[in-house]
Amino acid sequence: MAMTSRISEISVHELLKTFLKYENLRLRAVRRLDVPATNRNFLKAVAASDSLSQTAAGRAEIEKLLTHPMPYIRVRAAGAVMTWAPEKAIPVFGRMLDADLSAISSVDERLDIRIDSQDWLYQHFQIRSSDRNDLIEPLKAYGIELSYRDRTGWR
């Protein structure tokens with residue numbers, strides 16, 4: 001009977017491949033509204049991310065994903081980076097709030113990107129409202145100019 005390798009013995013390169021694999025599978029599941037598959041792949045991606053986060057080399061690889069061409073991957077990487085370098089992750093989240101995501105055909109994917117970004121920022125800045133305008137001032141410190149949204153018609 002072959003012994004399975006422990007996750008701590010897997011190379012950074014393999015862990016990164018695993019993280020990207022499960023994030024891509026998660027994204028596909030989001031696009032087809034498959035909640036069980038989304039959850040399964042989320043847990044596997046988090047396990048790989050947690051393992052990567054244990055070493056400086058792994059953290060460096062995750063940080064490289066902050067400039068990934070896919071917004072979904074950038075947001076997922078930023079979520080991991082928040083635990084050790086929020087100053088690097090916050091601008092990624094802030095830019096997602098006003099980013100042009102029209103090239104993404106899946107409404108659920110666009111919502112996932114925006115809501116996750118907003119939630120990470122609310123949590124970090126300890127904002128206890130659902131008004132994204134409350135993020136304008138805190139994000140200025142990170143060089144992010146978030147547009148104001150007039151909500152008077154909603155009241």
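Not measured: the values here are computed from a predicted model.

(A) Fine view of the overall build of the protein chain. The helix and strand tally for the protein chain stands at 7 helices and 0 strands. Starting at the N terminus and ending at the C terminus, the protein chain contains elements arranged as α-α-α-α-α-α-α. A principal-axis box enclosing the C-alpha atoms of the protein chain has dimensions of 65 × 35 × 25 Å. Relative to its full complement of 155 residues, the protein chain shows a buried share of 41%.

(B) Region of the structure containing the packing of aromatic side chains. According to the stated counting rule, one finds 2 aromatic pairs in the structure shown. Seen in terms of ring centroids, F93 and W120 are 5.9 Å apart; in terms of plane orientation they differ by 10°. Their pairing is stacked. Taken together, the positions of F93 in helix α5 (residues 86-98) and W120 in helix α6 (residues 107-125) put the pair 27 residues apart, joining distant regions of the chain. Over the face of the ring belonging to Y72 we find R76, whose NZ or CZ atom lies 4.2 Å from the ring centre.

(C) Up close: unusual backbone geometry. Positive phi, close to 60°, is recorded for L33, a residue that is not glycine. You can see L33 is positioned in the loop between α1 (12-31) and α2 (35-52).

(D) View of the environment of E63. Along the chain, E63 falls in helix α3 (residues 56-64). C-alpha separation for the pair E63 and A78, spaced 15 residues apart in sequence, amounts to 7.6 Å. Ignoring sequence-local partners within four residues, the contact set of E63 consists of V81, W84, A85 and K88. A polar contact is formed between the side chain of E63 and the side chain of K88, at a distance of 2.7 Å.

(E) Quick look at the nonpolar core. Counting 38 residues, the largest nonpolar core has F93, I113, L121, L135 and L139 as its most contacted members. The set of elements that each furnish at least two residues to this core consists of α1, α2, α4 (71-81), α5, α6 and α7 (136-140). With 7 residues, α4 is the single largest residue contributor to this core.

(F) Expanded view of the layout of surface pockets. A volume near 260 Å³ is recorded for the largest pocket. Considering the residues around the largest pocket, the lining is formed by 16 residues, among which V46, R76, G79, A80 and W120 are closest to the centre. Those elements giving two or more residues to the lining of the largest pocket turn out to be α1, α2, α4 and α6. When residues in the lining of the largest pocket are grouped by element, the largest group, 5 residues, is from α2.

(G) Summary view of the side chain of S53. Mapped onto the fold, S53 is located in the loop between α2 and α3. A relative accessible area of 16% means that S53 is categorised as buried. Apart from residues lying up to four places away in sequence, S53 is in contact with R59, I62 and W84.

(H) Quick look at the packing of α4 against α6. Following both chains from N to C, one finds α4 and α6 inclined at 25°, their axes separated by 10 Å at the closest point. With respect to α6, the axis of α4 lies roughly parallel. Along this stretch, α4 crosses α6, giving a crossing that reads as left-handed. Contact residues: α4 offers P71, Y72, V75, R76 and G79, while α6 offers E109, D112, I113, D116, S117 and W120. Split by residue class, the contact of α4 with α6 holds 5 nonpolar, 2 polar and 4 charged.

(I) Structural view of the confidence of the model for the protein chain. Averaged over every residue, the pLDDT of the protein chain is 91; the share at 70 or more is 92%. Below a pLDDT of 50 lies the segment residues 1-5, which in the model reaches 1 contact outside its immediate sequence neighbourhood of four places, other chains included.

Reading the values: the criteria
- All residue numbers refer to position in the chain's written sequence, counted from 1.
- Reporting of local features is limited, given that this is a predicted model, to residues whose pLDDT is at least 70; pairs of side-chain atoms are given and counted only at 80 or more, and all residues count toward the totals for whole chains, interfaces and linings.
- Side-chain numbers come from the whole structure's heavy atoms, not from hydrogens or water.
- Numbering goes from the N terminus for both helices and strands, where a helix is a DSSP run of H or I of at least four residues and a strand is a run of E of at least two.
- Residue burial is assigned from relative accessible area. The probe radius is 1.4 Å, only protein chains are included, and a residue is buried under 20% of its type maximum, exposed over 50%, and partly exposed in between.
- To pair, rings of Phe, Tyr and Trp, with the six-membered ring standing in for Trp, must have centres within 6.5 Å; the planes then decide the type, stacked if under 30 degrees apart, edge-to-face if over 60, and tilted in the middle.
- Charge-over-ring contacts are defined here by two conditions on Lys NZ or Arg CZ: a distance within 6 Å of the ring centre and an angle within 35 degrees of the ring normal.
- Any pair of residues with heavy atoms lying within 4.5 Å of one another is described as a contacting pair.
- Any pair of nitrogen or oxygen atoms within 3.5 Å is treated as a polar contact; in protein, a donor-acceptor pairing is required on top of that, and neighbouring residues in sequence qualify only through side-chain atoms on both sides.
- Residues belong to a common nonpolar core when they are buried Ala, Val, Leu, Ile, Met, Phe, Trp, Tyr or Cys residues joined through side-chain atoms within 4.5 Å.
- Buried and open spaces are told apart on a 1 Å grid over the protein atoms alone, a cavity being a set of points where a 1.4 Å probe fits but cannot get out and a pocket being an open set with protein on both sides within 12 Å along at least five of seven lines. Residues with an atom within 4 Å of a point are the lining residues.
- Grid points are joined across faces, edges and corners, and a volume is the space filled by probe spheres set on the points.
- Angles run from 0 to 180 degrees between N-to-C directions of axes, and those axes are lines fitted to C-alpha atoms, restricted for helices to the stretch in contact.
- Here is the rule for angles: anything less than 35 degrees is roughly parallel, anything more than 145 is roughly antiparallel, 65 through 115 is roughly perpendicular, and the remaining ranges are oblique.
- Handedness of a crossing follows from how the near helix is turned relative to the far one, being left-handed for an anticlockwise turn of less than a right angle and right-handed for a clockwise one.
- The residue classification treats Ala, Val, Leu, Ile, Met, Phe, Trp, Tyr, Cys and Pro as nonpolar and Asp, Glu, Lys and Arg as charged. All others, Gly included, are polar.
- Looking at any residue, its pLDDT shows the predictor's confidence there, from 0 to 100.

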